[in-house]
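# A closer look at the structure
As a plain string of letters, each chain reads:
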Amino acid sequence: MTNVIPLPTRKDEAWRYADLDALARVWGDVPQGPERIIVPAGETLSKQIVLPVAMSGVSITDLDVVIEAGATFALHLLATDADYGRMSVNVLLHEGAHFEMGGAILGHADQTLEIVTSVNHAHPNATSNQVVRSVLAGHATGSFLGKVAVARHAQKTDASQSVKAMLLDRTATANAKPELEIYADDVKCAHGATVGELDKAALFYMAARGLPPSIARKLMLQAFIADAFVSLEDDAARETIETRALAALEGLA
Amino acid sequence: MLKIENLHAQVGETSILKGLSLTINAGEIHAIMGPNGAGKSTLAYTLGGRPGYDVTEGSATFDGQDLLALEPHERAAAGLFLGFQYPVEIPGVSNLQFLRESLNSQRRARGEEPLSGAEFIRLAKEKAGLLKMDMDMLKRPVNVGFSGGEKKRNEMVQMGIIDPKLALLDETDSGLDIDALRIVGEGINSIMRKPDKAVLLITHYQRLLDLVKPDFVHVLAGGRIVRSGGAELALELEEQGYEAVA
């Protein structure tokens, strides 16, 4: 099937950090339209997605999720294996629904990896929590663009975003762009973003106890990205995605 | 065990140690006292190999090895323990995991077998008990949410587990209440007061030295040792102050 949607441009906010040259090469083959997920009222669904290795190094995953009243959707993402990788998630929350997301972006060399979310609190009493951790080396670019929209009558909304990036090299780039659009007045919307480097004082402290720098870095980075998966309740599933993430971390050094 | 000769060190462009010499033999406990800014912590960090602390002249040999040529983790594996004045927090990394990895890295570097999980837990329980620290605290991330006193006690638990030859303790007594000070003092004695070990205590106060009796006391001022004596020198300093004595 040929994609008839025009190629996005940088003027489109959701694509401003994208690798559009890479995208142009495969645009005709990108599946049209998102994968749709509906979580029925009162139910709980958990899904883990490791960005697949795809054609010409470009990998696009696009989800459109509806979480019905009182339902919970937990989504855990790992973006690492692509020259240009993009995961976009559009979520619609009904009354009392909950969206939990944890994402890790692990890139090196010239990779461009991004997670783009749009969470729509269209009804009252819904909650959402998004945690993204990026570790970037070389000339990699890792981006999180997270939009939270709260409709006028969606009172008692509680939405939070925590975005942290760790740059292993000064040549790597992290982008964090929270975007809040709130029309209701009785809501809690929290967001925090930091970009940093490995704590040098901690590295020396660990060396002073006998840890070689490679192991000290590994311990700190493991702990850093663990935040993204701590909300995954199924132990076996968490171990599976964490093992993939740790293998990817080893490849960054 | 440790022989420091004419050590000069600078931090950035500022010279701090200006010809410091000191010899510590096995079985000895030394105390270094001195006014703020004398270079006490710089001495500890320089011997520990902290990046940014550059030796410009002089030497330090540890058990016949050129200490200054070793990387910080190699100095630890050689048997040097640095007790921090401000122990660092490491979010997300548990004390037990940190210490087991540290100890086993040291053991591997020395060609020894790493400890199994069970052997390590037994050792950690014993040393935590010695310092009256709850095992639950050892399961928590390193120093995160610990009070100042708990951090210092944790340093001593770490010292007990790692079992070094030479401990450089940088103001381990600061921030401790009276009970914690006694526990830490007893911990230092039971872990380190042995014929094949040595300690260098960096302190401002006599009260730690009442508990851990030094064989030698040195006054550090202006980046050099300006006076050395026995335990009585610390008492003299307490009474008369640095200016009169040094």
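Thresholds, definitions, all that
- Residues numbered from 1 in each chain as written.
- Chains lettered and ligands numbered in written order.
- Predicted model: local features only at pLDDT ≥ 70, side-chain atom pairs only at ≥ 80, totals over all residues.
- Helix = DSSP H or I, 4+ residues; strand = E, 2+ residues; numbered from the N terminus.
- Rg over C-alpha atoms; globule rule 2.2 N^0.38 Å.
- Buried ≥ 20, exposed ≤ 12 C-beta atoms within 10 Å, placed from the backbone.
- Contact = placed C-beta atoms within 7 Å.
- Pairing = 2+ DSSP bridges.
- Axes fitted to C-alpha atoms, helices over the stretch in contact; angles between N-to-C directions.
- Nonpolar A, V, L, I, M, F, W, Y, C, P; charged D, E, K, R; others polar.
- Expected span 1.5 Å × (residues − 1).
- Parallel < 35°, antiparallel > 145°, perpendicular 65-115°, else oblique.
- Left-handed = near helix turned anticlockwise from the far one by under 90°.
- Core = buried A, V, L, I, M, F, W, Y, C linked by C-beta atoms within 7 Å.
- Right-handed = clockwise from strand over helix to strand, strands pointing away.

## Thoughts on the overall build of chain B
Looking only at helices and strands, one finds 9 helices and 12 strands in chain B. Computed over its C-alpha atoms, the radius of gyration of chain B comes to 18 Å, within 12% of the 18 Å expected for a compact globule of 246 residues. Summarising its shape, the C-alpha atoms of chain B cover approximately 50 × 40 × 35 Å along the three principal directions. Residue burial in chain B is summarised as follows: out of 246 residues, 45% are buried. For chain B, the share of sequence-separated contacts (at least 6 apart) that also reach a separation of at least 24 residues comes to 70%.

## Brief notes about the sheet that holds strand β3 (residues 29-33) of chain B
Whenever strands of a sheet pair, they do so through backbone hydrogen bonds, lying parallel or antiparallel. Residue and element names in this part refer to chain B. On the basis of which strands lie adjacent, the open sheet formed by 6 strands has the order β6-β9-β10-β3-β11-β12 and mixed pairing. Edge strands, defined here as strands with exactly one partner in the open sheet, are β6 (80-83) and β12 (224-229). Between one strand axis and the next, the sheet turns by 20° as a mean value, whatever way the strands run. Pairing of strand β11 (residues 216-221) with β12 involves 5 bridges; the strand directions are antiparallel.

## What to know about the environment of Gln158(B)
By secondary structure assignment, the location of Gln158(B) is in helix α6 (residues 148-162). The exposure class assigned to Gln158(B) is buried, which follows from the 26 C-beta atoms found within 10 Å. As for Gln158(B) and Asn95(B), which are separated by 63 residues in sequence, their C-alpha atoms are 9.0 Å apart. What Gln158(B) contacts, discounting residues up to four positions off in sequence, is Arg209(A) and Leu99(B).

## A closer look at the interface of chain A and chain B
Facing 16 residues of chain A, the contacting portion of chain B comprises 21 residues. Mapped by element, the contributors of at least two residues to the side of chain A that touches chain B are α2 (200-208) and α3 (213-229) of chain A. Among the residues forming the side of chain A that touches chain B, the class breakdown is 14 nonpolar, 1 polar and 1 charged.

## Quick notes on helix α3 (residues 95-109) of chain B
All names here are of chain B. The terminal C-alpha atoms of α3 lie 21 Å apart, and with 15 residues this matches the ideal 21 Å at 1.5 Å per residue to within 8%. Along α3, the positions that sit buried rather than exposed are Asn95, Phe98, Leu99, Arg100, Glu101, Ser102, Leu103, Ser105 and Gln106. Remark: Gly111 follows α3 within two positions and exhibits a positive phi of approximately 75°.

## Some words on the sheet that holds strand β8 (residues 127-136) of chain A
All names here are of chain A. Strand order in the open sheet made by the 6 strands is β2-β4-β6-β8-β10-β12, with parallel pairing throughout. Each edge of the open sheet carries a strand with a single partner, namely β2 (44-50) and β12 (188-196). When strand polarity is set aside, the average angle formed by the axes of neighbouring strands in this sheet is 5°. Where β8 and strand β10 (residues 158-167) come together, 10 bridges link them in parallel fashion. Directly across from Val132, in β10, lies its bridge partner Val163. Each of β4 (72-79), β6 (98-107), β8 and β10 touches α3; the most contacted strand, β8, lies at about 155° to it. Along the sheet, helix α4 (residues 235-252) contacts β2, β4, β6 and β8; its crossing angle with β6, the most-contacted strand, is approximately 25°.

## Points about the packing of α2(A) against α3(A)
Residue and element names in this part refer to chain A. The interhelical angle for the contact between α2 and α3, taken along N-to-C directions, is 125°, at an axis separation of 9 Å. Taken together, the axes of α2 and α3 are oblique relative to one another. Like other packed secondary-structure pairs, α2 and α3 cross with a definite hand, here right-handed. Seen from α2, the contacting residues are Ala202, Leu203, Met206 and Ala207; seen from α3, they are Pro213, Ala216 and Met220. Residues of the contact of α2 with α3, tallied by class, amount to 7 nonpolar, no polar and no charged.

## With respect to the nonpolar core
Residues Phe81(B), Ala167(B), Leu168(B), Val199(B) and Leu201(B) are the most contacted members of the largest nonpolar core, which totals 77 residues. A total of 7 residues in this core trace back to one element, the largest contributor, which is helix α7 (residues 178-192) of chain B. Aside from chain neighbours lying at most four places away, what touches Leu201(B) is Ile29(B), His30(B), Ala31(B), Leu169(B), Leu208(B), Val212(B) and Pro214(B). The next biggest cluster of nonpolar side chains, apart from the first, holds 61 residues, and it includes Ala137(A), Val150(A), Ala159(A) and Leu252(A).

## With respect to the environment of Thr44(A)
Turning to its location among the elements, Thr44(A) is positioned in strand β2. Taking C-alpha positions, Thr44(A) is 19 Å from Ile241(A), a pair spaced 197 residues apart along the chain.

## Concerning the pairing of strand β9 (residues 166-170) of chain B
Residue and element names in this part refer to chain B. Counting buried positions along β9 gives 5 out of 5 residues, so the element sits mostly inside the fold. Across the two faces of β9 the burial is the same, with Leu166, Leu168 and Asp170 and Ala167 and Leu169 all buried. Note that β6 and β9 share 4 bridges and pair parallel. Of the residues in β9, the one forming a bridge with Leu82 is Leu168. Summarising the sheet, β9 and strand β10 (residues 198-202) pair through 5 bridges and their orientation is parallel. Within β10, the position partnered with Leu169 by the bridge is Leu201. Read as a crossover between parallel neighbours, the route from β9 over α7 to β10 is right-handed.

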